Amino acid sequence: MKRTIKDLVNLKGKVVLLRVDFNVPLDEGGKILDATRIKNELPTIRFLTSKGARVVILSHLGRPNGYDVRKSLWPISIYLSKNLKCGVSFSPTVLGEETRERIKLLKDGNVLLLENVRFYKEEEECDMKFAREIASMGDIFVNDAFGTAHRKHATTYGLARLLPNAIGFLMEKELTNLDTILNNPKRPFVVVLGGSKVGTKVKILERFIEKADTILIGGAMAYTFLKAKGFDVGASKVDDENIEVATNVLNKASELGKKILLPIDHVCIKGKDPHPIVATNLRGNMVGYDIGPRTVKYYAKEIDGAGEIFWNGPVGMYENSNFRNGTRSIAEAIAISKAHSSAGGGDTVAMINLFNLGKKFNYLSTGGGATLEYLEEGTLPAIEVIQEKIQ
């Protein structure tokens, strides 16, 4: 069990370097378009400030190549000022005497947000000299940035090697939920996997074949599996390099007595005709873009009988309203089911929120790649270096 902020004592007056994930969308004027990630972080910040800690927040935003005013965290400091009952200030730099002076002037229970750590190339290089310079400004390191926990970066991995450390409430919730999925899911355990390429989902497929009772496959990668089973998929997108992988996954599932369900009808386009049609069989110049109505009912029946559900990846090209019904229907089926439901992956959470169903799920993971990698490996680099709780 990793140490959490609840295990930390005597925080009053201590400088806590808190790594968060404030990688939120901003418009051209710096307006925050979706503050979900910031809202999820507030409980950890409030806990630390209530204990009298001087909280210095570190985060990235986007993938800037050096300083980029469009990727500045300054707008987020304004949001924090409005939503925290403590003093909030902003430092336009991460390193330097100006930053050190701001930390010295920080009162107990107040917050200082530092500028985007990815303005420094040393961050993604995990430059330990860079990490040591940041570490020298604090007493304790707390990592609550689950979305970047799969990265060995200076402020996610390096700082944890240099200071006493713990995880925050958001990280703890993520790990508790994902560990339950991996180690103690309610039965039957149904997994819904979508997306395009089989190659990107090999490890997660192999892990869930062992853990889940049923896997429902949609999205473009379903056509790779259908082709592996000998079905004609017309001109649909197929990950030809991974046909053998799909075959092996199907064979292993059969050996273990697990079910992998594939679409039995499709919403598709035939040739140059722009109007979508529903087809049971795909032939010739037909291209599948979504699961069909019979498949929706087929999958919904499995979802209705589930005890635990995990969903990653759209089952159709939901960005286009003509091919959104399958994904929306799956989201609605999970939302009304009695199962404990979780979803992970950036696109997955985005589409659930698009359908205004986020509150109907028991848990939406804040991590994209981190969620999948944790489910695949059972750990992440930035979590590995966190100290264990003293029993």
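A. Region of interest: the sheet that holds strand β6 (residues 165-167). An order of β3-β4-β2-β1-β5-β6 is seen for the six strands of this open sheet, with the pairing classed as parallel. At either margin of the open sheet sits one strand with a lone partner, and together these are β3 (88-91) and β6. On average, each strand axis in the sheet is inclined to that of its neighbour by 25°, with strand direction left out of account. Both strand β1 (residues 15-19) and strand β5 (residues 140-143) contribute to a ladder of four bridges, which runs parallel.

B. Structural context of the environment of Arg328. Relative to the assigned elements, Arg328 resides in helix α12 (residues 325-336). When its relative accessible area of 33% is taken as the criterion, Arg328 is described as partly exposed. Sequence-wise, Arg328 and Pro314 are 14 residues apart; in three dimensions their C-alpha atoms are separated by 9.0 Å.

C. How the structure looks around the nonpolar core. Ile134, Phe146, Phe208, Ile215, Ile217 and Phe225 are the most contacted members of the largest nonpolar core, which has 69 residues in total. The next biggest cluster of nonpolar side chains, apart from the first, holds 33 residues, and it includes Ile32, Ile57, Ile76 and Phe90.

D. A look at the pattern of salt bridges. If you walk through the whole model with that rule in mind, you get 15 salt bridges. One salt bridge in this structure joins Glu172 and Lys6, with 3.5 Å as the shortest N-O distance. Separated by 166 residues along the polypeptide, Glu172 in helix α7 (residues 169-183) and Lys6 in the segment before β1 bring together distant segments of the chain. Residue Glu124 pairs with Arg63 through a salt bridge whose shortest N-O separation is 3.3 Å.

E. Quick look at the sheet that holds strand β10 (residues 266-270). Pairing is antiparallel across the open sheet formed by three strands, whose spatial order is β11-β10-β12. Edge positions in the sheet fall to β11 (277-279) and β12 (286-291), since each has one partner strand and no second. Looking at each pair of strands side by side, their axes are set apart by 45° on average, direction ignored. Direction of pairing for β10 relative to β11: antiparallel, over a ladder of three bridges. Its bridge partner being in β11, Cys268 is matched across the sheet by Ile277.

F. Looking closely at the packing of aromatic side chains. Using the criterion set out here, one finds eight aromatic pairs in the structure. Here Phe189 and Phe208 contribute two aromatic rings whose centre-to-centre distance is 5.9 Å and whose plane-to-plane angle is 85°, an arrangement assigned as edge-to-face. Within this pair, whereas Phe189 is found in strand β7 (residues 189-193), its partner Phe208 is found in helix α8 (residues 202-211), the two being separated by 19 residues in sequence. Pair check on accessibility: Phe189 and Phe208 agree, each one buried. Their ring planes at 35° and their centres at 4.9 Å tell us that Tyr289 and Phe323 sit as a pair that is tilted. Of this pair, Tyr289 sits in strand β12 while Phe323 is found in the loop between β13 (308-312) and α12, placing the two residues 34 residues apart along the sequence. Judged by its relative accessible area of 4%, Phe323 falls in the buried class. Site record: aromatic cluster; members linked through ring pairs are Phe189, Phe208 and Phe310.

G. Structural view of the side chain of Ser91. Among the secondary structure elements, Ser91 is positioned in strand β3. Other than its neighbours up to four places away in sequence, Ser91 contacts Thr99, Arg102, Leu112, Leu113, Leu114 and Glu115.

H. Main features of the pairing of β12. Among the six residues in β12, five count as buried, and that is most of the element. Judged from the five bridges that link them, β10 and β12 form a sheet pairing that is antiparallel. In the strand pairing of β12, Ile269 is matched with Val287.

I. Focus on the side chain of Asn110. Tracing the backbone shows Asn110 in the loop between α3 (97-105) and β4 (111-114). Setting aside anything within four residues of it in sequence, one finds Asn110 in contact with Thr49, Ala53, Arg54, Val55, Cys86 and Gly87.

What counts, and at which threshold
Residues numbered from 1 in each chain as written. Predicted model: local features only at pLDDT ≥ 70, side-chain atom pairs only at ≥ 80, totals over all residues. Heavy atoms only, no water. Pairing = 2+ DSSP bridges. Helix = DSSP H or I, 4+ residues; strand = E, 2+ residues; numbered from the N terminus. Axes fitted to C-alpha atoms, helices over the stretch in contact; angles between N-to-C directions. Buried < 20%, exposed > 50% of the residue type's maximum accessible area, 1.4 Å probe, protein only. Core = buried A, V, L, I, M, F, W, Y, C linked by side-chain atoms within 4.5 Å. Salt bridge = Lys/Arg side-chain N within 4 Å of Asp/Glu carboxyl O. Phe/Tyr/Trp six-rings, centres within 6.5 Å; stacked < 30°, edge-to-face > 60°. Contact = heavy atoms within 4.5 Å.

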